[in-house]
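Working through the structure, step by step
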Amino acid sequence: MKRRDAIKSLLIVTGGVIVIPSCLQERTESSIPLKHLKIDSNQEKLLAELAETIIPATNTPGAKDTYAHVFTLKMIDDCHDKADQETFIRGLKEIDSMTKDRFNTSFLKSTHVQREQVVAELEKIAATADNKNDLAAFYNMTKSLVIQGYMGSKYVLGQVQKLELVPGRYNGAAPVKQTYIKI
């Protein structure tokens, strides 16, 4: 009986030794698998908060609730070239450093008002600068993809636009008008 208890205890301790280190590590990967982008969880959170600032939640869900930031990451990873991907990564870093310069805090820890000020400044930069400016190119690309992801979300297509799939409804009792074509 003692041998069974010893083996059981040994298996429990061995399992704990294997599992505990993976539980203690902080996950720094993004929530979705990306092939080309190297995004950590903090950068993904920053993008989510930026998207939420662009399309905030009111009585309808915002960009973060409809996962527009995840759509943005996936589109940049799959559909944009390496130069755009590098611009995107640099833009994420520049937004965080710009917020630290203005408010002495990171974008994630800033208040909603501070985030709105940062986005307003990004709007000015994007309007006045050409796309050779990394920050302007990043913001234009991100804003466009966030809006596209939000408008293509299940909530917007199902609740707001009431999209019906093709071929649509069949109404067998619809009146038909006679048309006369003059030749």
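Structure report, in brief. Residue numbers restart at each chain and count upward from 1, following the sequence in its written direction. The predicted origin of the model limits local features to residues at a pLDDT of at least 70 and limits the giving and counting of side-chain atom pairs to 80 or more, whereas totals for whole chains, interfaces and linings rest on all residues. Working from all heavy atoms in the structure, the side-chain values ignore hydrogens and water.

The next point concerns helix H6 (residues 134-151). Here H6 spans 26 Å end to end across 18 residues, near enough to the 26 Å set by a 1.5 Å rise per residue. Between buried and exposed lies partly exposed: a residue is buried under 20% and exposed over 50% of the maximum accessible area for its type, with that area taken using a 1.4 Å probe on protein chains only. In this text, helices come from DSSP runs of H or I with a minimum length of four residues, and strands from runs of E with a minimum of two, each type numbered from the N-terminal end. Inspection of H6 places Leu 135, Ala 136, Ala 137, Phe 138, Tyr 139, Met 141, Thr 142, Leu 145, Val 146, Gly 149 and Tyr 150 among the buried residues, and these make up the whole buried set. For this analysis, residues touch if any pair of their heavy atoms sits within 4.5 Å. For H6, the elements touching its buried residues are helix H2 (41-54), helix H3 (68-79), helix H4 (82-103), helix H5 (112-128) and helix H7 (154-160). The N-capping residue of H6, defined by a side-chain oxygen 3.1 Å from the backbone nitrogen of Leu 135, is Asn 133. In this analysis, the expected span of each helix is defined as 1.5 Å times one less than the number of residues it contains. Polar contact criterion, stated in full: a pair of N or O atoms within 3.5 Å, where within protein one must be able to donate a hydrogen and the other to accept it, and residues adjacent in sequence count only if both atoms are side-chain atoms.

Moving on to the packing of H2 against H5. Packed helices, taken two at a time, are described by the angle their axes make and the gap between the axes. An axis is simply a line fitted to the C-alpha atoms; with a helix, the fit covers only the stretch in contact. Between two such axes, the angle follows the N-to-C directions and lies from 0 to 180 degrees. Viewed as axis vectors pointing N to C, H2 and H5 meet at an angle of 80 degrees, and their least axial separation amounts to 10 Å. Relative to H5, H2 is oriented roughly perpendicular. Of the residues in H5, those in contact with Glu 49, Leu 50 and Thr 53 of H2 are Arg 115, Glu 116, Val 119 and Leu 122. Roughly parallel means an angle under 35 degrees; roughly antiparallel, over 145; roughly perpendicular, 65 to 115; everything else is oblique.

This next bit is on the nonpolar core. In terms of nonpolar packing, the biggest core is built from 33 residues, with Leu 37, Ile 39, Leu 50, Leu 73, Phe 88, Ile 95 and Leu 122 touching the most fellow members. When residues of this core are traced back to their parent elements, those giving at least two are H2, H3, H4, H5 and H6. When residues of this core are assigned to their parent elements, the largest contribution, seven residues, is made by H6. Here Phe 88 is in contact with Leu 37, Ile 39, Leu 47, Thr 72, Leu 73, Ile 76, Phe 138, Met 141 and Thr 142, once residues within four sequence places are set aside. Each nonpolar core is a collection of buried residues, namely Ala, Val, Leu, Ile, Met, Phe, Trp, Tyr and Cys, held together in the definition by side-chain atoms within 4.5 Å.

For Phe, Tyr and Trp, where Trp contributes only its six-membered ring, two rings pair if their centres lie within 6.5 Å, and the inter-plane angle classes them as stacked under 30 degrees, edge-to-face over 60, or tilted in between. Evaluation of the coordinates by the stated rule reveals one aromatic pair. The ring of Phe 107 has Arg 115 sitting right over it, with the charged end atom 5.6 Å from the ring centre. Our definition puts a charge over a ring when NZ of Lys or CZ of Arg is within 6 Å of the ring centre and also within 35 degrees of the ring normal.

A pairing counts as a salt bridge when a side-chain nitrogen of Lys or Arg comes within 4 Å of a carboxyl oxygen of Asp or Glu. Within this structure, the stated rule accounts for seven salt bridges. A salt bridge links Lys 64 to Glu 49, with the nearest nitrogen and oxygen atoms 2.5 Å apart. A residue pair is termed long-range when its members are at least 10 positions apart, and Lys 64 in the loop between H2 and H3 and Glu 49 in helix H2 qualify at 15 residues. With relative accessibility at 30%, the residue Lys 64 sits in the partly exposed group. A relative accessible area of 15% places Glu 49 in the buried class. Between Asp 96 and Lys 100 there is a salt bridge, and its shortest N-O distance comes to 3.9 Å. With Asp 96 and Lys 100 both in helix H4, this residue pair falls four residues apart, about one helical turn. Each of Glu 49, Lys 64 and Arg 115 takes part in salt bridges that share partners, so that together they form one network.

Here we take up unusual backbone geometry. Positive phi, normally seen in glycine, also occurs at Tyr 67, with a value near 60 degrees. Following the sequence through the fold, Tyr 67 ends up in the loop between H2 and H3. Look at Tyr 67 and you get exposed, because its relative accessible area is 56%.

The interhelical angle for the contact between H4 and H6, taken along N-to-C directions, is 105 degrees, at an axis separation of 8 Å. In this view, H4 runs roughly perpendicular relative to H6, as classed from their interaxial angle. Seen from H4, the contacting residues are Asp 84, Thr 87, Phe 88, Arg 90, Gly 91, Leu 92, Glu 94, Ile 95 and Met 98; seen from H6, they are Asp 134, Leu 135, Ala 137, Phe 138, Met 141 and Thr 142. By the convention adopted, Pro, Cys, Tyr, Trp, Phe, Met, Ile, Leu, Val and Ala count as nonpolar, Lys, Arg, Asp and Glu as charged, and the other residues, Gly among them, as polar. Taken together, the residues of the contact of H4 with H6 break down into eight nonpolar, three polar and four charged.

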